[in-house]
Amino acid sequence: MATPPRSNTGATVSRRAALKSLAVLAAGVGAACTPLRMAFRWAPGGFDDDQALVDRVLRGFATAVVPGLSVDDPNLVRHFYDDDYPLAKFRGYLASDLCQESVNRFGTPAFDQLPLAQRTKIIEGKLAKGGVTRRLYRGAVYLTQIACYAGIYDPDRGCPLIDFDGRRRNTSVADSTYPMPHRFLSHEITSDGNPL
Amino acid sequence: MRTIKTDALVIGSGFGAAPPALRLAQAGFRVIVVEQGPAINPYTDFKQTQDPQYILKYLKGMSGDRLSVTYAEAMGGGSGFYEMVSLRAPSKVFSQVDDRGRGLWPRGIDRVLLDPYYDIADEMLRVEQIAPELVPKSGLVFSLMMKNLGYSCERVRYAVQGCLASGFCVTGCVYGAKQSLLVNYLPQAVKAGAAIETDLEALTVQVVRRFVKDGPLNDIPYRYEVYCRRRTGRRERIRFCTKLLILAGGTIGTAKLLLQSRENLTSLSTQVGRNIAFNGSVKAAALLPDHFPDGDMFAGRSHPGMMSYHFLESRGITISAAKPLPLQAVAAARLRLDGDTRTPSFWGAPHVELMRQYRRRMMVLVAFGMTPPLGVLEFRGGLAFDLQLKMTDPLRRYFRDTKRLLHSILLRNGCRLVDTEFVKHDGASYPDLHFSTSHHVGSCRMADSKARGVCNAAGEVFSYPGLYVSDGAAIPTSLAVNTSLTILANAERITDGILRRYRTGGEPVSARTEPAASLSATPETTRYDSIEPAVGK
Ligand SMILES: Cc1cc2nc3c(=O)[nH]c(=O)nc-3n(C[C@H](O)[C@H](O)[C@H](O)COP(=O)(O)OP(=O)(O)OC[C@H]3O[C@@H](n4cnc5c(N)ncnc54)[C@H](O)[C@@H]3O)c2cc1C
């Protein structure tokens with residue numbers, strides 16, 4: 001059963017304090033220039049204690065962001081545990097926030113048990129909020145899409161959902177083109193492909 | 001700190017660096033190449049993966065609100081990761097003018113002058129036009145669209161031999177088919193005696209004047225000191241003392257180095273970091289209509305093989321298709337089917353529906369155009385830089401009109417448009433229209449006067465004899481085609497000029513090319529012939 005976020009000492013973390021910490025850290029986003037670096041670098045307490053719960057909730061989140069993925073996929077939420085990505089520090093907070101919102105909206109903390117439409121509503125609501133909440137959720141949605149569609153943890157498998165077959169084995173040029181290509185070609189105005 | 005003396009120090013190891021490194025070494029100069037990125041063995045180090053950790057090790061980016069640029073930091077510069085498109089800039093490019101009607105290229109530099117150097121570049125990279133039987137499906141489908149509308153379309157030229165069509169050009173070719181600089185210029189340069197130092201970043205440049213009668217440039221003084229820091233291990237610091245200094249750190253890297261050195265190089269042009277051209281890159285996407293055959297975003301070389309010059313005369317643009325791998329697509333843009341009002345739109349079920357069609361039914365078009373050089377790299381102190389783009393009404397008009405043309409090509413073929421909203425590194429969308437490119441040039445452009453550029457037509461920095469810029473930074477305008485071959489050809493030309501000026505004997509450049517096949521595979525860091533005992537601290 002999910003509980004509201006708690007500090008390491010067991011005291012409930014004030015939501016305002018949590019968001020304030022996030023805001024300070026999120027202000028550092030500007031320093032990152034690569035498209036995949038996100039700035040959230042604050043670790044909430046409490047929720048991190050119950051790994052199984054956090055994992056379930058995050059799986060509920062990921063399958064709402066990319067419906068059609070298997071909830072049992074071993075790589076589904078790995079990006080939330082990967083210290084190379086800033087969201088690793090926030091997985092506990094994110095999970096607790098999702099559960100809290102689940103209580104607020106649907107009277108149950110079990111976010112992961114909610115039907116897809118309700119999980120979607122919760123995430124939409126968070127993205128519609130301003131400031132740091134939106135940043136956190138936008139970052140989480142973004143990284144989840146990247147991790148899943150690009151199959152970043154399994155180069156051999158890629159992402160079957162979108163027919164991305166990952167690393168190529170036994171590549172065949174014939175598979176990548178059509179026979180009788182002249183059917184497709186338009187008239188050319190150069191002799192060698194270089195513009196004049 | 002160690003001090004190392006050399007005749008020619010080349011900063012960077014990409015397209016602008018390779019010709020001076022090779023030709024000067026062949027002419028008997030002591031040459032050292034300083035590359036801040038890691039060494040790469042093209043036969044063992046590349047991976048077919050979408051793992052951002054791997055990709056970000058080599059590919060870097062810089063974003064402002066209206067412009068973002070991507071470039072490589074690795075041995076070979078962009079050549080290890082590029083899509084191998086190797087095209088000459090159209091003649092029209094060289095007659096671009098600024099808003100006062102003044103030519104943007106220095107007098108005398110045009111396609112005719114560059115053609116012999118393009119020939120050398122073509123030969124070195126073994127550039128060939130793609131055969132019809134090798135054009136990937138997405139390229140054929142794009143060509144069919146142009147054909148349907150009566151527009152011409154060309155098969156593109158590539159630096160590749162024996163392509164296996166695996167579709168991972170942008171993560172480096174694991175088959176060794178790509179003719180990157182790692183398999184021709186750089187190993188040849190090493191063979192000719194050049195040393196390549198990797199993981200070593202040039203931090204600042206300083207002027208010195210020290211006459212020492214040594215090396216082949218006996219009567220030329222040591223003129224520049226370059227302070228470098230190793231990026232790995234104990235962060236070793238090295239001071240290079242050189243007679244000729246050739247900056248080829250790329251459009252961003254070279255400008256950064258000069259901006260960081262401005263206190264020492266007080267007579268530099270005020271144009272350093274300004275006039276960045278970004279090749280007017282505009283993109284549009286759509287789903288193919290049912291009667292069209294499938295494309296394929298993932299199989300076949302990363303660039304789909306076809307480009308249209310149909311609108312080059314009338315609008316100054318070229319159009320091609322693009323095949324972004326999933327990481328490139330999802331990290332760069334939110335895709336949303338035009339007119340689909342369901343929420344959520346850029347994630348959740350509607351987004352998955354669209355992504356499921358991405359591989360076979362999505363067509364992405366890209367236009368490159370001769371947009372004016374309005375980008376600016378500003379030094380904010382310390383290590384901080386800002387990339388800005390001055391937005392003007394003509395530029396907005398260009399963007400709108402070009403997008404409209406791309407949409408019209410897609411719509412007249414019966415496609416359904418896909419809205420592409422470009423996003424920042426944290427997933428937020430850009431507030432205004434946004435250009436993103438890896439074909440940025442011009443931050444230290446060649447010009448006829450110091451008031452208008454950083455170096456002269458010979459690539460020599462105004463007021464600084466022996467200091468050259470030979471990379472994308474020197475190219476004054478957008479090219480309307482991919483940039484690498486022009487950078488390479490121009491670097492060959494600049495090097496030819498250096499050799500003519502400082503030659504100590506030797507043959508003309510064109511006679512010294514060796515076919516790539518005969519070369520040793522792996523460039524390695526070599527010993528210096530010119531290492532001196534540590535001087536100073
Ligand atoms: C993914 C991708 C695909 C591309 N595809 C194509 C294509 O198909 N065709 C095409 O024509 N163009 C392509 N381009 C563009 C092309 O790669 C660039 O135009 C070209 O690499 C620029 O050459 P350059 O010499 O100016 O700089 P680069 O090739 O970027 O080389 C500069 C080098 O200098 C090093 N450096 C910078 N500063 C320092 C410093 N202070 N000290 C030491 N080293 C330093 C950098 O690490 C880098 O390795 C592509 C680019 C990318 C990123």
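The text that follows walks through the structure, step by step, so that each part is easy to find.

Conventions adopted
- Residues numbered from 1 in each chain as written.
- Chains lettered and ligands numbered in written order.
- Predicted model: local features only at pLDDT ≥ 70, side-chain atom pairs only at ≥ 80, totals over all residues.
- Heavy atoms only, no water.
- Near = heavy atom within 4 Å.
- Polar contact = N/O pair within 3.5 Å; in protein donor to acceptor, adjacent residues only side chain to side chain.
- Areas by Shrake-Rupley, 256 points an atom, 1.4 Å probe, with all protein chains shown as cover.
- Helix = DSSP H or I, 4+ residues; strand = E, 2+ residues; numbered from the N terminus.
- Nonpolar A, V, L, I, M, F, W, Y, C, P; charged D, E, K, R; others polar.
- Contact = heavy atoms within 4.5 Å.
- Buried area = accessible area lost by both parts, 1.4 Å probe.
- Salt bridge = Lys/Arg side-chain N within 4 Å of Asp/Glu carboxyl O.
- Core = buried A, V, L, I, M, F, W, Y, C linked by side-chain atoms within 4.5 Å.
- Buried < 20%, exposed > 50% of the residue type's maximum accessible area, 1.4 Å probe, protein only.
- Domains from an automatic or database assignment.
- Pairing = 2+ DSSP bridges.
- Disulfide = S-S within 2.5 Å.

Residues and elements named next belong to chain B. Contacts to the ligand come from 35 residues, most closely from Gly16, Glu35, Val85, Thr483 and Ser484. Contact between the ligand and Gly16: an oxygen atom at 2.8 Å from a main-chain N or O atom of the residue. In the complex, the protein chains occlude 94% of the 990 Å² of accessible area that the ligand would expose alone. Secondary structure elements with two or more residues in the shell around the ligand: strand E4 (67-72), strand E9 (200-210), helix H6 (250-260) and helix H12 (484-502). For the shell around the ligand, the per-class residue count stands at 13 nonpolar, 17 polar and 5 charged.

Interfaces are frequently sized by the accessible area removed from exposure as the parts join. Tallying the contact residues gives 77 residues for chain B and 59 residues for chain A. Regarding the contact of chain B and chain A, the summed buried area is about 5,900 Å², with carbon and sulfur atoms giving 59% of it. Where chain B packs against chain A, one counts 5 salt bridges. Summed over the shared surface of chain B and chain A, the number is 31 residue pairs in polar contact (both at pLDDT 80 or more).

Let's shift gears to the nonpolar core. Phe61 and Ile123 of chain A together with Leu125, Met362 and Phe435 of chain B are the most contacted members of the largest nonpolar core, which totals 233 residues. With 10 residues, helix H5 (residues 131-149) of chain A is the largest single contributor of residues to this core. For this core, the two domains that each supply at least three residues are domain 1 (1-126 + 177-278 + 440-531) and domain 2 (132-160 + 281-369 + 392-431) of chain B. If we skip the residues at most four places from it in the chain, Ile123 of chain A touches Phe61, Ala64, Val65, Leu98, Phe111, Tyr137 and Val141 of chain A together with Trp347 of chain B.

All names here are of chain B. Read from one edge to the other, the open sheet built from 7 strands follows the order E6-E13-E14-E16-E12-E19-E15, with strand pairing classed as antiparallel. Only two strands of the sheet have a single partner each, and these edge strands are strand E6 (154-155) and strand E15 (333-337). The sheet contact formed by E15 and strand E19 (residues 416-422) spans 5 bridges and is antiparallel. Bridged to Arg336 within E19 is Asp419.

Turning to the environment of Leu98 of chain A, a few remarks are in order. Residue and element names in this part refer to chain A. Within the secondary structure layout, Leu98 lies in helix H3 (residues 91-106). Judged by relative accessible area, Leu98 falls into the buried class, the value being 0%. Taking the C-alpha atoms as reference, Leu98 lies 8.2 Å from Pro109; in sequence the two are 11 residues apart. Setting aside residues no more than four positions away along its own chain, Leu98 makes contact with Val57, Phe61, Phe111, Ile122, Ile123 and Tyr137.

A separate point is the pattern of salt bridges. Per the counting criterion, the structure on display carries 48 salt bridges over all chains. Asp165 of chain A serves as the salt-bridge partner of Arg168 of chain A, at 2.9 Å between the closest nitrogen and oxygen. Its relative accessible area of 11% is what places Arg168 of chain A among the buried residues. For Asp165 of chain A, a relative accessible area of 30% puts it in the partly exposed group. One salt bridge in this structure joins Asp7 of chain B and Arg30 of chain B, with 2.9 Å as the shortest N-O distance. Here Asp7 of chain B, found in strand E1 (residues 2-11), pairs with Arg30 of chain B, found in the loop between helix H1 (18-26) and strand E2 (31-34); they are 23 residues apart in sequence, far enough to count as distant. Bridged by salt links that share partners, the residues Asp163, Asp165 and Arg168 of chain A together with Asp296, Arg359 and Arg360 of chain B form one connected network.

Residue and element names in this part refer to chain B. Within this structure, the stated rule accounts for 0 disulfides over all chains. Of all cysteine sulfurs in the structure, the one in Cys415 sits closest to Cys153, which takes part in no disulfide; the separation is 14 Å. Taking the relative accessible area as the measure of exposure, Cys153 reaches 0% and is therefore buried. In this structure Cys163 is a free cysteine whose sulfur lies 5.9 Å from that of Cys169, the closest cysteine sulfur available.

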